[in-house]
Amino acid sequence: MTEKIAIVGAGLVGSAWAIVFARAGRAVALYDENRAQAEQALSRIEINLEALANSGLIDAPAEVLARVAVADSLGEALDGAAYAQESVFERAEVKQAVYAEIDKVAGQALVVGSSSSGIPASVFTEGLGCGPRCLIAHPINPPYVIPLVEIVPAPWTEAGVVERASALMSEVGMVPVRLTREVDGFIANRLQAALLWEAFRLLEGGYATAEDIDKTISEGLGRRWAFIGPFETIDLNAPGGLADYAARLGAGFFELVKQGEPAAPWSKTLIAKAHDERRQHLPMDGHLARQAWRDRRLMALAAHMTEADKKIGR
Ligand SMILES: NC(=O)c1ccc[n+]([C@@H]2O[C@H](COP(=O)([O-])OP(=O)(O)OC[C@H]3O[C@@H](n4cnc5c(N)ncnc54)[C@H](O)[C@@H]3O)[C@@H](O)[C@H]2O)c1
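These notes cover the structure that comes with them.

Let's shift gears to the site of the ligand. Near the ligand lie 24 residues; those nearest to it are G9, G11, V13, E90 and S117. Among the elements of the structure, helix 1 (12-23), helix 5 (92-105) and strand 6 (134-139) are those that each provide at least two residues to the shell around the ligand.

Encoded structure:
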C-alpha cells in the first residue's frame, strides 16, 4: 500500500486513528464535513501526542503531527490514498450517504475500513462499485493505546481486501482479529454485552455493590485479561489443559449460565441504582478528569506491556 491514509470523520475515533497511522510514518489526510471538527481534531491530536511522548510511547510528537493535514473535501482526502478509515456517526443512513459519496470519488484500488461499532458493512455498502473493497475495521477507543482491531468482511468483500487491510493494520502496530463473516456486535461487543448483563443482574439482585462488582474485574479477572483471553485462561488453570478444565468445571459453569436466562432490558430503577452509586464515588464534575486519568493509565499500561513483551515475551 502507498503511504497516504485518509480519515473520513474526524471526531473522537477518527482523530485517534490519525495518531495510529501518522505515528507509523504515514501521511494522513483528515476530512470532516464540519471543517471546525477537523481543526479541533488537530488540537486534540497534538495534546494526545504530547501525552504519548510523556509516557515514553513516542519520541517526536511534532514530527508525527506534521504528517497530519486537514483536507478541504472528501475527494482531496481520498486522492492518492490507498486506505481510508471511515469514522462518521454510528447511524446507518449517515454511513450510507458517506459511502455513496466515497463510491463516486474513490480510485479503483482504495480499501475502506469502517470504525462501525456494530452496524455491519453490508448495511451501507450493498450495490456500490467500491463494495468489494469495503469492510469493518472496528477499534476499541483509543486505538493508539489499545491495539485490537476487528476486521469483519461483508458478504461481497474480496478476500484480498481482508488480507490487505489486516496487513496494513499489523504494519501500523495494531493487532487485527478477523471474523469470517458478519455477526451483530462483532466479537468484542458481544463479550462485553454478556459481562454487562451479568453485572447488572448481580446488582439488581442486591448481591454486591457496583463498586465491588467492578473490583472483581479491575482487581481480579481483568489482571489476566490484559494479556490472555478466556480460552487461554482456562487452558492454564487445569493441569491437563482446557479439556481437563471443561471436565472439572464445565457442568458448573453451565448451571450458572442457565440461571442467567432470559435476558431482560435494564429497568429505569436498575439504571438509576447503578448510576447513583457511581455518582457517590465520582460526582459528574469530576467525570472529565477521571476520563483523563483513565487515558493516562491506558498509556502507562501500553508502556508496561511493551516492556514486558521485550523482557518476558508474549
Ligand atoms: N466512541 C467510541 O468509543 C468508539 C469506539 C469504537 C468505534 N466507534 C465508532 O467510530 C465511529 C465514530 O464515532 P465517534 O465516537 O468518533 O463519533 P464522533 O461524533 O466523535 O465523530 C463523528 C464525526 O463524523 C463527522 N461526520 C458526520 N457525517 C459526516 C460526513 N458525511 N462526512 C464527513 N464527516 C462526517 C462528524 O462531523 C463528526 O466529527 C462510529 O461508527 C462509532 O460507533 C466509536
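What follows covers the sheet that holds strand 1 (residues 5-8). The eight strands are arranged 3-2-1-4-5-6-7-8 in an open sheet whose pairing can be described as mixed. Each of the sheet's edge strands pairs with one partner strand only, and the pair in question is strand 3 (68-70) and strand 8 (175-178). Within the sheet, the average angular offset between the axes of one strand and its neighbour, ignoring direction, is 25°. As judged from the four bridges shared by strand 4 (residues 83-86) and strand 5 (residues 111-114), these two strands associate in the parallel manner. Counterpart to Q85 in the pairing with strand 5 is G113.

Helical geometry: 3.6 residues make up each α-helical turn, so side chains three or four residues apart lie on a common side. Counted at 1.5 Å a residue, the expected span for helix 7 (residues 159-171) with its 13 residues is 18 Å, and the 19 Å between its end C-alpha atoms agrees. When we look at burial in helix 7, the residues that qualify are A165, L168 and M169. The buried residues of helix 7 occupy an angular sector of 100° when projected down its axis, which confines them to one face. With respect to the buried face of helix 7, the exposed residues turned more than 90 degrees away are A159, G160, E163 and A167.

Across the six residues of strand 6, six count as buried, placing the element largely inside the fold. Bridge analysis of strand 5 against strand 6 gives three bridges, and the strand direction is parallel. The partner of G113 across the bridge, within strand 6, is L135.

Conventions we followed
- Starting from 1, residues in each chain are numbered consecutively following that chain's sequence as written.
- For this predicted model, a pLDDT threshold of at least 70 governs which residues receive local features, and a threshold of 80 or more governs which side-chain atom pairs are given and counted, while totals over whole chains, interfaces and linings are taken from all residues.
- A residue counts as near a molecule or strand when its C-beta atom, positioned from the backbone, falls within 6 Å of it.
- A run of DSSP states H or I qualifies as a helix once it reaches four residues; a run of E qualifies as a strand once it reaches two. Both are numbered from the N-terminal end.
- Here a strand pair is declared whenever DSSP counts at least two bridges between the two strands.
- In this analysis an axis means a line fitted to C-alpha atoms, helices contributing only their contacting stretch, and an angle means the value between N-to-C directions, from 0 to 180 degrees.
- Multiplying one less than the number of residues by 1.5 Å gives the expected span of a helix.
- Here a residue counts as buried when 20 or more other C-beta atoms sit within 10 Å of its C-beta, as exposed when there are 12 or fewer, and as partly exposed otherwise, the C-beta atoms being derived from the backbone.
- In this description, one arc is meant: the one made by directions from the helix axis to the C-beta atoms.

Note that every value here comes from positions in space, so none of it alone points to a role or purpose.
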